[in-house]
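Listed here are the chains, written in short residue letters.
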Amino acid sequence: MHVVIAKPLRTFARHALLAGAVALPALAGPALANPTIVFDLENGKILQHQEAFKRWYPASLTKLMTAYVAFRAIAAGEVRLDSPIKVTKRSASEPPSKMGFKPGSVMRLDNALKMMLVKSANDVAMAVGENIGGSQAAFAERMNADARRLGMSGSHFVNPNGLFSPDQYTTARDLGLLVMAIRTEFPQYASWFSIEGLAIGKKQISNYNLLIGRYPGADGMKTGFVCPSGFNMIGSATRDGRTLVAVVLGEKSAITRAETVARLLDHGFATPTPGWLTVAALPSYGDTTSVNNLNDEICRKKPAKEQSEAPPVGDKNAAKSRYREKLDHVPTLVAVGLGGATGPVPKAMLDAMGREYADVPLPSWRPDLPPPPGAEPAVIGSATAAQEPAKAVN
């Protein structure tokens, strides 16, 4: 483990470079073992960081990159907020968390993104990727291209929803860069990250981000969980015009990640003057190549009810925490659903003649005849890497 403030640095120069960005000693209790970074959104100045370059499985934090690519596609005129997102057979088959729409169902892009961000719906995220990119692999190429452009040097993506792949990873520092890009380049969508809940027909869906509606000033951004990653969270809050962001990876439960992010934000707001080092300028340190796998600790040693993004809020028998309590007000719900997609079809889903691709499987070449050139099955590489069984993935 590499804890920036606890391990002596080898040179005075390096100590001077990092010292201005570390404020962890003021936090109560022992040093945190998991990757964290806390920074001021306006200028990117860091208040605390730890294991910020350690590779980690992002789980559903991946959906922030999916949203970013979609926002850029809107800005480029490829799609509009009312463009249709069709549920494909592939996307409909993704494991939970999901909306459960049948193949062929169509929704507006803006509704799809809201369901992806609030419900953390894996089927909808895949549908967004396939419709905008043309395929999962093509969309992943766009994710990686944007990651490189943003300087996310420790990240690699293979799917748009965060389902486990050994070749999909990121770092706390890279996620900080992504959050800054989303919030500064596309402020018009900021309110989507603080939605308290969704209403789809008579059904109400609460945000998995337990800070929303409970932590004063909370306005984002996303949670994530798969067994190998543990419970990840990016929380943001604004007070007196100042917005802070805390990234926490590898927590042990949905409750402890909310408590940890809240504690880091509390400390950040109590520190009026951050260090001079920024997220973009933070020099790489520590182990930057291996990826932690928490599957045994998080899933094989815990009951199924604890392997979920949906904690038992209101459970009187559970340990007390403000983040287990029900909201003290009637949640503000945003209505979403199918239909209403009157905008242009995503260009990636159209052929050269402007016709929409059909979502049907391609026929195989007859086995009794040699395949023609180019008919061999394509190998997509890491996008088809073997996945661990998904459990309560969100």
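In short, a report on the structure. (Residues numbered from 1 in each chain as written. Predicted model: local features only at pLDDT ≥ 70, side-chain atom pairs only at ≥ 80, totals over all residues. Heavy atoms only, no water.)

### A word on the packing of aromatic side chains
This structure, assessed with the given rule, holds nine aromatic pairs. A ring pair is formed by Tyr57 and Phe164, whose centres lie 4.8 Å apart and whose planes are at 80°; its orientation type is edge-to-face. Taken together, the residues span a long stretch of sequence, with Tyr57 in the loop between β2 (46-50) and α2 (62-75) and Phe164 in the loop between α6 (136-150) and α7 (172-185) at a distance of 107 residues. Aromatic side chains Phe186 and Tyr189 sit 6.2 Å apart centroid to centroid with 40° between the ring planes, which places their arrangement in the tilted category. On the accessibility criterion, Phe186 (7% relative accessible area) is buried. (Phe/Tyr/Trp six-rings, centres within 6.5 Å; stacked < 30°, edge-to-face > 60°. Helix = DSSP H or I, 4+ residues; strand = E, 2+ residues; numbered from the N terminus. Buried < 20%, exposed > 50% of the residue type's maximum accessible area, 1.4 Å probe, protein only.)

### Side note on the environment of Tyr68
Relative to the helices and strands, Tyr68 resides in helix α2. Sequence separation of Tyr68 and Leu178 is 110 residues, and the distance between their C-alpha atoms is 8.2 Å. Within polar-contact distance, the side chain of Tyr68 engages the side chain of Glu185 at 2.9 Å. (Polar contact = N/O pair within 3.5 Å; in protein donor to acceptor, adjacent residues only side chain to side chain.)

### Comments concerning helix α4 (residues 109-118)
Each turn of an α-helix holds 3.6 residues, which means side chains three or four residues apart point in the same direction. Counting buried positions along α4 gives 10 out of 10 residues, so the element sits mostly inside the fold. Considered for burial, the residues of α4 that qualify are Leu109, Asp110, Asn111, Ala112, Leu113, Lys114, Met115, Met116, Leu117 and Val118. At the exit of α4 stands Ser120, carrying a positive phi of roughly 60°.

### Section: the pattern of salt bridges
Counted under the stated rule, the structure contains 13 salt bridges. With its nearest N and O atoms 3.0 Å apart, the salt bridge here joins Asp82 to Arg80. The buried category is assigned to Asp82, whose relative accessible area is 12%. Residue Lys252 pairs with Glu297 through a salt bridge whose shortest N-O separation is 3.7 Å. Here Lys252 is found in the loop between β9 (242-251) and α8 (254-269), whereas its partner Glu297 is found in helix α9 (residues 295-300), with 45 residues between them in sequence. (Salt bridge = Lys/Arg side-chain N within 4 Å of Asp/Glu carboxyl O.)

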